[in-house]
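Listed here are the chains, written in short residue letters.
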Amino acid sequence: MTKAKNMKEYFVEVFKIEGYVHKLCEKIETLRARQTSGSGGFGLGVQKSRNYKRGEDLSVTILELEDEAAKAKMSLLRLERDIRGLSCSLQDPMQRAIIIWRYICRLKWKDIAKRAEMSEMHVLREHNAAMEALMMDVAGDVAG
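The model shown is predicted, which means the values in this text are computed figures rather than measured ones. (Residues numbered from 1 in each chain as written. Predicted model: local features only at pLDDT ≥ 70, side-chain atom pairs only at ≥ 80, totals over all residues. Heavy atoms only, no water.)

Let's talk about the nonpolar core
Most often, soluble globular proteins keep nonpolar side chains buried together rather than apart. Short version of the rule: Among buried residues, the Ala, Val, Leu, Ile, Met, Phe, Trp, Tyr and Cys ones that are joined through side-chain atoms within 4.5 Å form a nonpolar core. Categorising residues by exposure relies on relative accessible area from a 1.4 Å probe, with only protein chains included: less than 20% of the type maximum marks a residue as buried, more than 50% marks it as exposed, and the intermediate range marks it as partly exposed. Secondary structure counts use DSSP, requiring at least four H or I residues in a row for a helix and at least two E residues in a row for a strand, with both numbered from the N terminus. In what follows, a contact means two residues having at least one pair of non-hydrogen atoms within 4.5 Å.
Among the nonpolar cores identified, the biggest contains 18 residues, and Met7, Phe11, Ile17, Ile83, Ile99, Tyr103 and Met131 are the most heavily contacted of them. For this core, the secondary structure elements donating two or more residues are helix 1 (2–36), helix 2 (48–87), helix 3 (93–103) and helix 5 (120–143). If sequence neighbours within four positions are ignored, Tyr103 has contacts with Phe11, Val12, Val14, Phe15, Ile83, His127 and Met131. Within the second largest apolar cluster, eight residues are counted, among which are Ile98, Trp101, Ala116 and Val123.

The following block contains the structure:
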């Protein structure tokens with residue numbers, strides 16, 4: 001069961017990275033709003049040199065955050081690609097669908113249950129069985 005837990009932790013990285021990207025995007029939007037408003041942005045002719053420097057600093061910070069967000073998005077895409085590849089090894093089509101719905105589509109358990117036309121508890125059991133099967137596949141690849 002601990003091996004399956006490790007596989008779950010690997011898959012849950014999707015949600016962690018997605019949350020991180022969301023926070024970065026919020027910061028970027030906040031800084032852009034500040035940049036275009038009067039507080040530290042451009043357009044205030046009276047103290048042009050000081051405001052220009054502040055605006056320049058904001059621009060650099062925004063660019064750095066955009067770069068960081070782009071790198072995180074690339075990590076997310078690689079992880080999604082890996083999850084898709086791993087899910088292809090599942091023999092059970094319902095387990096494969098549950099993995100895709102959860103980690104690629106990011107559906108909540110109740111929404112997956114509705115799509116799968118089964119209870120949430122049954123979805124969780126199928127999910128856990130899929131994690132066990134994936135872990136066995138990965139262990140088999142390492143041993144073989």
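What follows picks up the thread again.
Structural notes on the confidence of the model for the protein chain
In plain terms, the rule: Values of pLDDT, the confidence the predictor places in each residue, fall between 0 and 100.
Residues with a pLDDT of 70 or more make up 81% of the protein chain, whose mean pLDDT is 86. The secondary structure element of the protein chain with the lowest average pLDDT is helix 5, at 86, and the one with the highest is helix 4 (residues 109–116), at 98. Ignoring residues within four places in sequence, the model shows residues 40–48, a span with pLDDT below 50, making 15 contacts including any to other chains.

A look at the pattern of salt bridges
Going by this rule: Salt bridge, as applied in this entry: a Lys or Arg side-chain nitrogen positioned within 4 Å of an Asp or Glu carboxyl oxygen.
As enumerated under the stated definition, the model contains seven salt bridges in all. Between Arg106 and Glu18 there is a salt bridge whose closest N-O contact spans 3.1 Å. You can see Arg106 sitting in the loop between helix 3 and helix 4 and its partner Glu18 sitting in helix 1, a full 88 residues away along the chain. Accessibility expressed as a relative area gives 17% for Arg106, which makes it buried.

Regarding the environment of Arg34
Looking at where Arg34 falls in the secondary structure, it is placed in helix 1. Here the alpha-carbon distance between Arg34 and Leu58, two residues 24 residues apart in the chain, equals 8.4 Å.

Describing unusual backbone geometry
Although it is not a glycine, Arg106 sits at a positive phi angle of roughly 60°. The phi angle at Glu117 is positive, at roughly 55°, despite the residue not being glycine. Tracing the backbone through its elements, the reader meets Glu117 in the loop between helix 4 and helix 5.

Structural notes on helix 3
The following threshold applies: By the criterion applied in these results, polar contacts are pairs of N or O atoms within 3.5 Å in which, for protein atoms, one can donate a hydrogen and the other can accept it, and in which residues neighboring in sequence qualify only through two side-chain atoms.
Along helix 3, the residues that are buried comprise Gln95, Ile98, Ile99, Ile100, Trp101, Arg102 and Tyr103. The distance from a side-chain oxygen at the start of helix 3 to the backbone nitrogen of Met94 is 2.7 Å, and the residue carrying that oxygen is Asp92.

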